[in-house]
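Architecture and fold: a report
One-letter residues, chain by chain:
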Amino acid sequence: MPQAHYIKPSRFDTILNNAVGWLARRGISLMGTAELSVRGRTSGEWRAIPVNPLPYDGGPYLISARGHSQWVRNLRAAGGGQLKVGRRTQQFTAVELPDDQKPELLRTYLERWGWEVGRFFGEVDARSTDEELLAAAHRHPVFRITVTG
């Protein structure tokens, strides 16, 4: 079984993520960021990371630019989590999408945040064809979230 695609954050990325998460917890959302919290699949403890929830028809959606990361694995196991900006916390459930439903979402995500996350998508960008995006879809998990509270 091939190893799942994942790009580990650099030390700089970790520092930047910590700062963006800190801002989100205090109500400052940079370009739509929020802090995602999901229970750890083995520890049961809440784990938090900043994300860019994508508002889109029938969404919002969470897209993992780095691939099959720890938050993705935890979200698969937990089936939901919470998004927080300041004092506003939204509980949600999540459903992972199959690859054939991802190309337009990946394109929209890259149009909005490609300047920030494009380096994790390799040769694929917002101008890529549906076929190129579909070929890359297996590397980038996508979840449709439904706010429950």
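Per-chain numbering applies: the sequence of each chain, read as written, is numbered from 1 onward. In keeping with the model being predicted, local features are shown solely for residues with a pLDDT of at least 70 and side-chain atom pairs are shown and tallied solely at 80 or more, while totals for entire chains, interfaces and linings include all residues. Computation of side-chain values: all heavy atoms of the structure, hydrogens and water removed.

Remarks on unusual backbone geometry
Even without glycine at this site, M31 takes up a positive phi of about 55 degrees. Numbering goes from the N terminus for both helices and strands, where a helix is a DSSP run of H or I of at least four residues and a strand is a run of E of at least two. With respect to the secondary-structure elements, M31 resides in the loop between α1 (11–25) and β1 (34–39).

Considerations on the pattern of salt bridges
Whenever a carboxyl oxygen of Asp or Glu lies within 4 Å of a side-chain nitrogen of Lys or Arg, that contact is scored as a salt bridge. The tally for this structure, following the rule as stated, stands at nine salt bridges. For R66, the salt bridge goes to D13, with nearest N and O atoms at 3.0 Å. On the criterion of sequence distance, the pair formed by R66 in the loop between β3 (61–63) and α2 (70–78) and D13 in helix α1 is long-range, its members being 53 residues apart. Whether a residue is buried, partly exposed or exposed follows from its accessible area with a 1.4 Å probe, protein chains only, as a fraction of its type maximum: under 20%, in between, or over 50%, in that order. A residue is classified by how much of its surface remains accessible, and R66, at 13% relative accessible area, is buried. We note a salt bridge from E96 to R76, for which the minimum N-O separation is 2.8 Å.

Some details on the pairing of strand β6 (residues 142–147)
At least two bridges found by DSSP between two strands are what make those strands a pair. Where β3 and β6 come together, three bridges link them in antiparallel fashion. Bridging from a neighbouring strand, L62 pairs with F143 of β6. Bridging between strand β5 (residues 88–96) and β6 involves five bridges; their strand directions are antiparallel. Residue pairing across strands places V95 opposite R144, the latter belonging to β6.

Considering the pairing of strand β4 (residues 80–85)
Bridge count for β1 against β4 is three bridges, and the pairing is antiparallel. Bridged to S37 within β4 is Q82.

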